[in-house]
Amino acid sequence: MVSSEVTVNNSVGLHARPATFFIQRANSFKSSVWVEKDDRRVNAKSLLGVLSLGIVKGTSIAIVADGIDEDEAVKTLVGVIESNFKE
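Structural notes, computed from the coordinates. (Residues numbered from 1 in each chain as written. Predicted model: local features only at pLDDT ≥ 70, side-chain atom pairs only at ≥ 80, totals over all residues. Heavy atoms only, no water.)

### What to know about the overall build of the protein chain
Working step 1: In terms of regular secondary structure, the protein chain is built from 3 helices and 4 strands.
Working step 2: Put simply, the protein chain runs from its N terminus to its C terminus through helices and strands in the order β-α-β-β-α-β-α.
Working step 3: Over its C-alpha atoms the protein chain spans a radius of gyration of 11 Å, differing by no more than 12% from the 12 Å that the globule rule assigns to 87 residues.
Working step 4: The dimensions of the protein chain, computed from C-alpha atoms along their principal axes, are 35 × 30 × 20 Å.
Working step 5: In the protein chain, which comprises 87 residues, the proportion classed as buried is 45%.
Working step 6: Summarising the internal contacts of the protein chain: among those between residues at least 6 apart in sequence, 69% fall at separations of at least 24.
Working step 7: Of the side chains in the protein chain, 10 bear a positive and 11 a negative charge, and the two mean positions are spaced by 8 Å. (Helix = DSSP H or I, 4+ residues; strand = E, 2+ residues; numbered from the N terminus. Rg over C-alpha atoms; globule rule 2.2 N^0.38 Å. Buried < 20%, exposed > 50% of the residue type's maximum accessible area, 1.4 Å probe, protein only. Contact = heavy atoms within 4.5 Å. Lys, Arg positive; Asp, Glu negative; His and termini not counted. Charge placed at Lys NZ, Arg CZ, Asp CG, Glu CD.)

Written out as structure tokens, the structure reads:
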């Protein structure tokens, strides 16, 4: 299991289009992937789960992955957030 903390800095946080892009990237990995905020953990491959966290600009979250491509999953998803969801 691998995890990394990252701060969401884009203007709308992890909502609507950015969340959809993030989830599409998460779904490209075989590993189980989660997003953690405060004491809640949701499936990073679930739009409703991610949106339910209410992640706004400036929020620190953890990306956690467990599986055969866990390192790549965490690195990629942290990169997506750090790039402000640019493709």
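### Thoughts on the pattern of salt bridges
Working step 1: For the coordinates displayed, the defined rule picks out 1 salt bridge.
Working step 2: The shortest N-O distance in the salt bridge between Arg-41 and Glu-36 comes to 2.7 Å.
Working step 3: Owing to a relative accessible area of 25%, Glu-36 belongs among the partly exposed residues under this scheme. (Salt bridge = Lys/Arg side-chain N within 4 Å of Asp/Glu carboxyl O.)

### A few points about the environment of Lys-30
Working step 1: One can find Lys-30 in the loop between helix H1 (16-26) and strand S2 (32-37).
Working step 2: The class of Lys-30 is exposed, set by a relative accessible area of 68%.
Working step 3: Each C-alpha atom, one on Lys-30 and one on Ile-55, is 24 Å from the other, the two residues being 25 residues apart in sequence.
Working step 4: With residues near it in sequence (within four places) discarded, Lys-30 still touches Lys-45, Ile-68 and Asp-69.

### Focus: the packing of aromatic side chains
Working step 1: Applying the stated criterion across every chain, the model contains 0 aromatic pairs.
Working step 2: The cationic tip of Arg-41 hangs over the ring face of Trp-34; the distance from NZ or CZ to the ring centre is 4.6 Å. (Phe/Tyr/Trp six-rings, centres within 6.5 Å; stacked < 30°, edge-to-face > 60°. Lys NZ or Arg CZ within 6 Å of the ring centre and 35° of its normal.)

### Observations regarding the sheet that holds strand S1 (residues 2-7)
Working step 1: Strand order in the open sheet formed by 4 strands is S1-S4-S2-S3, and the pairing between neighbours is antiparallel. Of all the strands in the sheet, the pair left with one neighbour each is S1 and strand S3 (40-43). For this sheet, the mean inter-axis angle between neighbouring strands, taken without regard to orientation, is 25°. (Pairing = 2+ DSSP bridges. Axes fitted to C-alpha atoms, helices over the stretch in contact; angles between N-to-C directions.)

Nothing here speaks to function; it is geometry throughout.
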